[in-house]
Amino acid sequence: MQLGIRLHDTKKLPIEERIADVHELGFKCGHLALGKVISEYPTTDETLTPGFAMYLKNLFARNQVDIAVLGCYLNLANPNKEQLAKITHRYMAHIRFASWLGCGVVGTETGAPNETYTHVPECHGEKALQTFITNLRPVVKYAEQMGVVMAIEPVWKHIVCDPKRARRVLDEIGSPNLQIILDPVNLLDICNYQDQVAIVDEAIEVLGEDVAMVHIKDFVVDGDNLKSVGAGLGQMDYTSVLKFIKTRKPFIHVTLENTTPEDNIQCKDHILKLYEEA
């Protein structure tokens with residue numbers, strides 16, 4: 001695997017220095033959320049030009065860091081039509097930018113049927129799923145036109161909350177330009193984390209062929225919730241996902257999440273050790 005990191009979990013530095021630092025830390029790729037990583041330049045839709053893309057592409061290449069994911073984590077199930085139009089425009093701007101940037105995928109989660117992107121019981125209903133599919137369809141079509149892969153990330157608290165719903169989205173849209181970001185911890189919640197091995201195994205069985213990249217983090221129980229932490233700092237069992245990566249996904253991009261500048265090397269070394277033993 002090519003192990004990397006979510007770039008906004010690294011030391012806050014100007015973008016040129018930050019990517020050089022990521023290379024020095026030994027990471028091979030990064031998850032780039034433009035507005036969370038770049039503060040010295042605006043990252044509005046109108047700024048996402050070919051020149052800006054090629055500047056970043058060259059910066060990452062000089063430092064031998066791939067852009068694994070261009071993140072655009074907005075709510076495609078927003079019921080406000082004006083807001084949804086702006087969100088869709090933002091996705092298309094990212095897809096166009098990604099086509100010049102040469103990144104792995106444009107990544108997103110799957111929203112909630114409200115303007116606040118808040119988990120409600122309706123998230124897991126059929127109406128919300130159909131709304132998401134309907135609103136995702138033109139975004140994926142645009143990705144096809146631009147030669148870019150969109151990748152959705154199932155999250156228990158969002159609309160696409162489990163592997164079977166993710167499979168339905170893939171099958172109903174039916175595009176080779178729609179794939180999966182597998183984040184095992186995001187499939188867990190306080191109600192199911194004790195079944196984590198079975199849940200991850202199901203995700204691999206149902207979605208494995210369409211997994212384009214993997215997120216790795218950990219979790220701890222915090223009252224009635226799960227709290228995400230860096231890899232190796234919680235209760236996550238990585239056995240299945242690391243075996244999946246090692247045996248079925250050569251050189252796949254894998255990025256750490258929820259690390260801090262103080263523990264990202266510790267988390268990296270922990271996962272690399274487990275990977276060697278997988």
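In what follows, the accompanying structure is described. (Residues numbered from 1 in each chain as written. Predicted model: local features only at pLDDT ≥ 70, side-chain atom pairs only at ≥ 80, totals over all residues. Heavy atoms only, no water.)

Structural notes on helix α5 (residues 126-146)
(1) Moving on: Compared with the 30 Å implied by 1.5 Å per residue over 21 residues, the 30 Å span of α5 between its first and last C-alpha is a close match.
(2) Moving on: Among all positions of α5, only A128, L129, F132, I133, N135, L136, V139, V140, Y142 and A143 are buried.
(3) Moving on: Taken from the residues just after α5, G147 is the one with a positive phi, measuring 70°. (Helix = DSSP H or I, 4+ residues; strand = E, 2+ residues; numbered from the N terminus. Expected span 1.5 Å × (residues − 1). Buried < 20%, exposed > 50% of the residue type's maximum accessible area, 1.4 Å probe, protein only.)

Points about the packing of aromatic side chains
(1) Moving on: Enumeration according to the criterion identifies three aromatic pairs in this entry.
(2) Moving on: Taken together, a centroid distance of 6.2 Å and an interplanar angle of 80° make the contact between Y41 and F52 edge-to-face. You can see Y41 sitting in the loop between α2 (34-37) and α3 (50-62) and its partner F52 sitting in helix α3, a full 11 residues away along the chain.
(3) Moving on: Clustering of aromatic rings is evident, with ring pairs tying together Y41, F52 and F97. (Phe/Tyr/Trp six-rings, centres within 6.5 Å; stacked < 30°, edge-to-face > 60°.)

Quick word on the sheet that holds strand β6 (residues 178-182)
(1) Moving on: Spatial strand order, β1-β2-β3-β4-β5-β6-β7-β10: eight strands in a closed barrel with parallel pairing. Between one strand axis and the next, the sheet turns by 30° as a mean value, whatever way the strands run.
(2) Moving on: Across two bridges, the pairing between strand β1 (residues 2-6) and strand β2 (residues 29-32) is parallel. Directly across from I5, in β2, lies its bridge partner G30.
(3) Moving on: Contacts from helix α8 (residues 239-248) reach β6, β7 (211-216) and β10 (253-256) within the one sheet, and its direction differs from that of β7 by about 140°. (Pairing = 2+ DSSP bridges. Axes fitted to C-alpha atoms, helices over the stretch in contact; angles between N-to-C directions. Contact = heavy atoms within 4.5 Å.)

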